[in-house]
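Structural characterization, general
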Amino acid sequence: MCKELFLFADGSVDPPNKIGFGAFLFLSSLSISLAVAKSLVKIKRFENTSSTKLELQVLLFALTEIDSNNCHIIVYTDSQNIIGLPGRRERFEKNDYRSKNGKLIANYELYQEFYRLTDSLRCEFVKVKGHKVLGQKDQVDQFFSLVDRASRNALRERG
């Protein structure tokens, strides 16, 4: 039985080609070594994406990849969009995911999936400041750097 899981997720996208790579890392403890954590990072390619869309796609993919029953999942992300989603839910639903001119908002299906998944999971979202100088990085920042670097490297090598 799981009590707490830590999820680190990030993505890198090539806007002209709309190709992105997401990386995520699940940990059951923050006392694991960086070397071991690095070996646990998972990467997935996404097509027809943008930076905002990719951050959501990576998070949703990661949340569906783990058996998280009875877990409190602490999600570390540098995506302001994801951090703000819980607070935007009421307005989205009230307006049926439509903008003021009546058009469906971009990525509305991903937002709906985000709310569906996070309703069934106990998630807490923590904003990480990306790209900190090494001397200013705490343990969480170092784990986040693993997924940040993995997604950027995957985009460079495979994109």
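Residues numbered from 1 in each chain as written. Predicted model: local features only at pLDDT ≥ 70, side-chain atom pairs only at ≥ 80, totals over all residues. Heavy atoms only, no water.

**A look at the UniProt feature "transmembrane region" (unreviewed entry) in the protein chain**
In plain terms, the rule: UniProt positions are given in the numbering used here, feature names are shortened, and annotations may be inferred rather than shown by experiment. Secondary structure follows DSSP: runs of H or I at least 4 residues long count as helices, runs of E at least 2 residues long count as strands, and numbering of each begins at the N terminus.
In this numbering, the UniProt entry assigns the feature "transmembrane region" (unreviewed entry) to residues 20-41. The straight-line gap between the two end C-alpha atoms of residues 20-41 is 16 Å; of that span, 32% is helix and 36% is strand.

**Brief notes about the sheet that holds strand β1 (residues 4-14)**
Short version of the rule: Two strands are counted as paired when DSSP detects at least two bridges linking them. Simply put, an axis is a line fit to the C-alpha atoms, just over the touching stretch for a helix, and the angle between two N-to-C directions goes from 0 to 180 degrees.
Taken together, the five strands give an open sheet; going across it, the order is β3-β2-β1-β4-β5, and neighbouring strands pair in mixed fashion. Across the chains shown, the open sheet's two edge strands, defined by having one partner strand only, are β3 (42-47) and β5 (122-127). On average, each strand axis in the sheet is inclined to that of its neighbour by 25 degrees, with strand direction left out of account. Sheet topology note: the strand β2 (residues 19-27)/β3 ladder contains six bridges and is antiparallel.

**Remarks on the environment of Leu60**
Defined as follows: Any two residues having at least one pair of non-hydrogen atoms within 4.5 Å are treated as being in contact.
Inspection of the secondary structure assignment puts Leu60 in helix α2 (residues 51-65). When near neighbours in sequence (up to four residues on either side) are disregarded, Leu60 contacts Leu110, Glu113, Phe114 and Leu117.

**What about the side chain of Asp10?**
Using the following cut-off: For the exposure calls, accessible area comes from a 1.4 Å probe over protein chains only, and a residue counts as buried if that area is under 20% of its type's maximum, exposed if over 50%, partly exposed in between. When charges are counted, Lys and Arg are positive and Asp and Glu negative, with His and the chain ends excluded. A pairing counts as a salt bridge when a side-chain nitrogen of Lys or Arg comes within 4 Å of a carboxyl oxygen of Asp or Glu.
Mapped onto the elements, Asp10 comes out in strand β1. Here Asp10 occupies a buried position and makes no salt bridge, while the nearest side chain of opposite charge, Arg152, is found at 6.1 Å. Residues within four places of Asp10 in sequence aside, it is in contact with Phe21, Gly22, Ala23, Glu55, Val58, Asp78, Phe144, Val147, Asp148 and Ser151.

**Points about unusual backbone geometry**
The backbone of Asn48 shows a phi angle near 55 degrees, a positive value even though the residue is not glycine. Inspection of the secondary structure puts Asn48 in the loop between β3 and α2. You will see that Tyr97, though not glycine, has its phi angle at about 60 degrees, which is positive. Mapped onto the elements of the fold, Tyr97 is located in the loop between α3 (80-94) and α4 (108-120).

**What to know about the packing of α3 against α4**
Threshold: Relative orientations are named as follows: roughly parallel for angles under 35 degrees, roughly antiparallel for angles over 145 degrees, roughly perpendicular for angles from 65 to 115 degrees, and oblique for any other angle. When residue character is reported, Ala, Val, Leu, Ile, Met, Phe, Trp, Tyr, Cys and Pro are called nonpolar, Asp, Glu, Lys and Arg charged, and the others, Gly included, polar.
With their axes 11 Å apart at the nearest point, α3 and α4 run at an angle of 95 degrees to one another. Judged on the interaxial angle alone, α4 and α3 are roughly perpendicular. Between α3 and α4, the contacting residues are Asn81, Ile82, Leu85, Pro86, Arg88, Arg89 and Phe92 on the first element and Tyr111, Phe114, Tyr115 and Asp119 on the second. Partitioning the contact of α3 with α4 into residue classes produces seven nonpolar, one polar and three charged.

**Focus on the packing of α2 against α3**
Running from N to C, α2 and α3 cross one another at 70 degrees; their axes reach a closest spacing of 9 Å. Accordingly, the angle class assigned to the pair α2 and α3 is roughly perpendicular. Facing Thr52, Glu55, Leu56 and Leu59 of α2, the residues of α3 in contact are Asn81, Ile82 and Leu85. When grouped by side-chain class, the residues that make up the contact of α2 with α3 number four nonpolar, two polar and one charged.

**Quick word on the pairing of β2**
With nine of its nine residues buried, β2 lies for the most part within the structure. Here β2 shows two buried faces, one formed by Ile19, Phe21, Ala23, Leu25 and Leu27 and the other by Gly20, Gly22, Phe24 and Phe26. Relative to β2, β1 runs antiparallel, the two sharing nine bridges. By the bridge assignment for β2, Val13 is matched with Gly20.

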